[in-house]
Amino acid sequence: MQPATRNNLTDSAADSLRAEIITGRWAVGERIPNEASLTDLLSVSRGTVREAVRVLVSQGLLVTRQGSGTYVRSAVDPSAALDRIKRAGLRDQWETRAALDAEAARLAAQRHTPADLVKMRRLLEARGTVADGGHEAFIRRDIAFHKAVIEASGNRAMIELYDFFTGAIAETIKATLSGELPEPDAPAHAAIVDAVASGDPDRAAAAVRAFMAPVLLELDRLLAQ
């Protein structure tokens with residue numbers, strides 16, 4: 001294990017710990033060295049070690065068990081996977097988003113509650129336009145609406161995947177706002193809510209596909225040039 005550099009001690013320490021996990025030096029389920037040992041190995045303070053461990057806990061690589069220690073939870077680095085997703089082509093990102101949203105809408109049509117519909121309609125109304133606070137605020141509101149549809153699916157893994165994928169999804173929304181791709185309008189968003197409310201899973205999935213179709217067609221046109 002390499003001592004942490006002084007540029008950013010917490011990030012450097014977290015990277016060193018992450019490398020031990022990814023390379024298999026510390027196996028899944030194994031308890032990692034205690035705080036005092038890590039302080040010596042990394043040549044940093046205990047506070048830096050604690051912060052580095054917190055980073056890896058938040059990323060799902062480590063888990064802390066009260067009174068027992070810190071253990072390796074996973075050897076799969078989600079941050080690296082997210083980076084790879086972000087580097088994927090815009091067409092690939094939109095296809096993935098379309099598949100996720102369509103299946104979520106299908107499940108939401110079958111499993112939604114009245115409260116889910118109230119939340120979706122409230123967030124749709126709050127979504128507004130880019131003129132309401134600028135691009136960044138609009139993207140946050142747009143993601144909040146689509147996440148409400150995902151949550152109505154009742155599928156916990158799908159919800160977690162959407163949270164993980166949010167960064168890449170934000171990039172796809174920025175692409176539509178840049179003028180390069182068509183931004184689905186408010187009626188297209190409302191059609192998804194209405195389809196979910198109908199209880200018809202095929203209609204809900206179709207509403208999402210219709211929502212995504214103009215963007216995918218334009219991407220195909222741009223790629224063919």
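Everything below is about the structure printed above this text.
Reference entry: report on the structure contained in this document. (Residues numbered from 1 in each chain as written. Predicted model: local features only at pLDDT ≥ 70, side-chain atom pairs only at ≥ 80, totals over all residues. Heavy atoms only, no water.)

**Focus: the overall build of the protein**
- Looking only at helices and strands, one finds ten helices and two strands in the protein.
- Relative to a compact globule of 225 residues, whose C-alpha radius of gyration would be 17 Å, the protein shows 22 Å and is clearly more extended.
- On the principal axes, the C-alpha backbone points of the protein span a range of 60 × 45 × 30 Å.
- Looking at the protein residue by residue over its 225 residues, the buried ones come to 40%.
- Contacts in the protein between residues far apart in sequence, at least 24 positions, make up 68% of those at least 6 positions apart.
- Counting only carbon and sulfur atoms, one obtains 52% of the accessible surface of the protein, whose full area is about 11700 Å².
- Positive and negative charge centroids in the protein, built from 28 and 30 side chains respectively, lie 5 Å apart. (Helix = DSSP H or I, 4+ residues; strand = E, 2+ residues; numbered from the N terminus. Rg over C-alpha atoms; globule rule 2.2 N^0.38 Å. Buried < 20%, exposed > 50% of the residue type's maximum accessible area, 1.4 Å probe, protein only. Contact = heavy atoms within 4.5 Å. Areas by Shrake-Rupley, 256 points an atom, 1.4 Å probe, with all protein chains shown as cover. Lys, Arg positive; Asp, Glu negative; His and termini not counted. Charge placed at Lys NZ, Arg CZ, Asp CG, Glu CD.)

**A short note on helix H10 (residues 201-224)**
- In this model, H10 (24 residues) spans 33 Å end to end at C-alpha, consistent with the 34 Å of a helix rising 1.5 Å per residue.
- Roughly 40° is the biggest bend found in H10, and it falls at Ala213, with proline Pro214 one to four residues downstream.
- The N-cap residue of H10 is Asp200: its side-chain oxygen and the backbone nitrogen of Asp202 are 3.0 Å apart. (Expected span 1.5 Å × (residues − 1). Bend = angle between axes of the 7 residues up to and from the residue. Polar contact = N/O pair within 3.5 Å; in protein donor to acceptor, adjacent residues only side chain to side chain.)

**Digging into the environment of Leu223**
- Counting through the fold element by element, Leu223 comes out in helix H10.
- It is 47 Å that separates the C-alpha atoms of Leu223 and Thr48, two residues lying 175 residues apart in sequence.

**Side note on the packing of aromatic side chains**
- Inspection of the entire model under this criterion finds zero aromatic pairs.
- Positioned above the aromatic ring of Tyr71, the side-chain terminus of Arg65 is 4.1 Å from the ring centre. (Phe/Tyr/Trp six-rings, centres within 6.5 Å; stacked < 30°, edge-to-face > 60°. Lys NZ or Arg CZ within 6 Å of the ring centre and 35° of its normal.)

**Notes on the pattern of salt bridges**
- The final tally for this structure, using the stated rule, is 17 salt bridges.
- Arg18 is the partner of Asp15 in a salt bridge, and the nearest nitrogen-oxygen pair spans 2.6 Å. Placement of both Asp15 and Arg18 in helix H1 (residues 9-22) is noted, with a separation of three residues, approximately one turn of the helix.
- The residue Arg221 makes a salt bridge to Glu218 at a minimum N-O spacing of 2.6 Å. In this pair, Arg221 and Glu218 are both assigned in helix H10, three residues apart and thus about one turn of the helix distant.
- A relative accessible area of 18% places Glu218 in the buried class. (Salt bridge = Lys/Arg side-chain N within 4 Å of Asp/Glu carboxyl O.)

**A few points about the side chain of Thr48**
- Looking at where Thr48 falls in the secondary structure, it is placed in helix H3 (residues 46-58).
- A polar side-chain atom of Thr48 sits 3.1 Å from a polar atom in the side chain of Ser45.
- What Thr48 contacts, discounting residues up to four positions off in sequence, is Leu9, Thr10 and Ala13.

**Comments concerning the nonpolar core**
- One finds Trp94, Met120, Phe145, Ile192, Val196 and Met212 to be the most contacted residues of the largest nonpolar core, which totals 28 residues.
- Elements with a minimum of two residues in this core: helix H5 (90-111), helix H6 (114-127), helix H7 (135-152), helix H9 (186-198) and H10.
- If you tally residues by element for this core, the top one is H10, at eight residues.
- Not counting the four nearest positions on each side in its chain, Trp94 is found in contact with Thr172, Thr176, Leu181, Met212, Val215, Leu216 and Leu219. (Core = buried A, V, L, I, M, F, W, Y, C linked by side-chain atoms within 4.5 Å.)

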